[in-house]
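Residue-level structural notes
The primary structure of each chain is shown beneath.
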Amino acid sequence: GTVQPSDVARCFWAAASLHWFHRHFLDSTTAASRHVLHECSTQDLSNIIWASAVLRHNPEGWVLRVAREFASKDLPHTPQEVANVLWAVAKVTDRQKAETFDEGHKGLPSLLVPAALGCLSGANAQNIANMLWAYARLGCKDKDLLTATCSRMQQLLPDADVQHVAGVAWAVARLKSERDGATT
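Below is a summary of the structure that appears in this document. It should be emphasised that the depicted structure is a prediction, and the values quoted were computed from it without experimental measurement.

**Things to note about the overall build of the chain**
- For the chain, the count of helices and strands is 11 helices and zero strands.
- Seen in sequence order, the chain has helices and strands lined up from the N terminus as α-α-α-α-α-α-α-α-α-α-α.
- Every one of the 184 residues in the chain was classed for burial, and the buried ones make up 45%.
- When contacts within the chain are restricted to residue pairs at least 6 apart in sequence, long-range pairs at least 24 apart make up 77% of them.
- A total of about 9,400 Å² of accessible surface is found on the chain, and carbon and sulfur atoms cover 53% of it.

**Considerations on the packing of aromatic side chains**
- Applying the stated criterion across every chain, the model contains two aromatic pairs.
- Between Phe12 and Trp62, the ring centres sit 6.0 Å apart and the planes meet at 20 degrees, which makes this aromatic pair stacked. Linking Phe12 in helix α1 (residues 5–17) with Trp62 in helix α4 (residues 62–72), this pair joins segments that are 50 residues apart in sequence.
- In this structure Phe12 comes out as buried when scored by relative accessible area, which is 0%.

**Considerations on the packing of α1 against helix α2 (residues 23–33)**
- Running from N to C, α1 and α2 point in directions that differ by 155 degrees, and their axes come no closer than 10 Å. In terms of orientation, α1 and α2 fall into the roughly antiparallel class. Along this stretch, α1 crosses α2, giving a crossing that reads as left-handed. Seen from α1, the contacting residues are Val8, Cys11, Phe12 and Ala15; seen from α2, they are Phe25, Leu26, Thr29, Thr30 and Ser33.
- Taken together, the residues of the contact of α1 with α2 sort by class into six nonpolar, three polar and no charged.

**With respect to unusual backbone geometry**
- Positive phi is not limited to glycine here, since His19 has a value of about 55 degrees.
- Structurally, His19 is set in the loop between α1 and α2.
- A relative accessible area of 63% places His19 in the exposed class.

**Regarding the environment of Ala32**
- Examined against the element boundaries, Ala32 turns out to sit in helix α2.
- Residue Ala32 is classed as partly exposed on the basis of its relative accessible area of 26%.
- Along the chain, Ala32 and Gln4 lie 28 residues apart, while their C-alpha atoms are 9.4 Å from each other.

**Looking at the side chain of His164**
- Considering the arrangement of structural elements, one finds His164 in helix α11 (residues 162–179).
- Under the relative-accessibility criterion, His164 is labelled buried at 12%.
- The residues contacting His164, other than those within four sequence positions of it, are Ala125, Gln126, Ala129 and Met153.

**What to know about the nonpolar core**
- Ile48, Ile49, Val82, Val89, Ile128, Met131 and Tyr135 are the most contacted members of the largest nonpolar core, which totals 54 residues.
- Every element with two or more residues in this core is listed here: α1, α3 (42–54), α4, α5 (79–95), α8 (113–119), α9 (125–138), α10 (143–156) and α11.
- When residues of this core are assigned to their parent elements, the largest contribution, nine residues, is made by α9.
- Excluding its chain neighbours within four sequence positions, the residues that come into contact with Tyr135 are Leu86, Pro109, Leu112, Val113, Ala116, Cys140, Leu145 and Leu175.

The rules behind the values
Residues numbered from 1 in each chain as written. Predicted model: local features only at pLDDT ≥ 70, side-chain atom pairs only at ≥ 80, totals over all residues. Heavy atoms only, no water. Helix = DSSP H or I, 4+ residues; strand = E, 2+ residues; numbered from the N terminus. Buried < 20%, exposed > 50% of the residue type's maximum accessible area, 1.4 Å probe, protein only. Contact = heavy atoms within 4.5 Å. Areas by Shrake-Rupley, 256 points an atom, 1.4 Å probe, with all protein chains shown as cover. Phe/Tyr/Trp six-rings, centres within 6.5 Å; stacked < 30°, edge-to-face > 60°. Axes fitted to C-alpha atoms, helices over the stretch in contact; angles between N-to-C directions. Parallel < 35°, antiparallel > 145°, perpendicular 65-115°, else oblique. Left-handed = near helix turned anticlockwise from the far one by under 90°. Nonpolar A, V, L, I, M, F, W, Y, C, P; charged D, E, K, R; others polar. Core = buried A, V, L, I, M, F, W, Y, C linked by side-chain atoms within 4.5 Å.

Take a look at the structure:
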């Protein structure tokens with residue numbers, strides 16, 4: 001039958017959940033998804049990109065291609081989807097900076113800012129910590145994003161875990177030190 005977008009997402013998600021890296025399966029699933037990627041929901045794209053990063057499957061900048069597709073969607077994004085996409089982009093660019101984070105991809109973190117800002121009202125402390133961790137790893141210093149996420153985190157402080165507060169503090173400190181020219 002015809003490959004559906006959710007079928008592709010489920011294949012990636014299942015492989016990552018099982019930590020099953022089978023090159024032929026992943027390459028075949030990637031090839032099949034190229035034709036339906038534009039039809040994927042934001043949840044499907046989030047699952048594909050998360051799984052690809054977990055499995056370290058990034059042929060020809062695959063993760064960044066999926067992230068660009070995610071960023072192009074005008075649909076509402078959930079905080080978990082945005083956090084997953086940002087985490088995956090940060091993981092891949094951290095591992096393969098020279099190979100995948102070239103001049104053509106430097107604007108990607110900024111392309112994801114509208115999705116992040118748009119979902120903040122529903123974000124929990126873990127979502128905020130994960131988003132800011134990724135933005136700090138990517139060196140994205142969007143002032144509006146930082147102000148809005150810190151404001152949201154301040155609202156969540158009474159119920160936040162220490163781990164999430166520490167994660168936000170680390171991200172803010174890293175972004176501030178980069179702005180001030182210090183090394184981390």
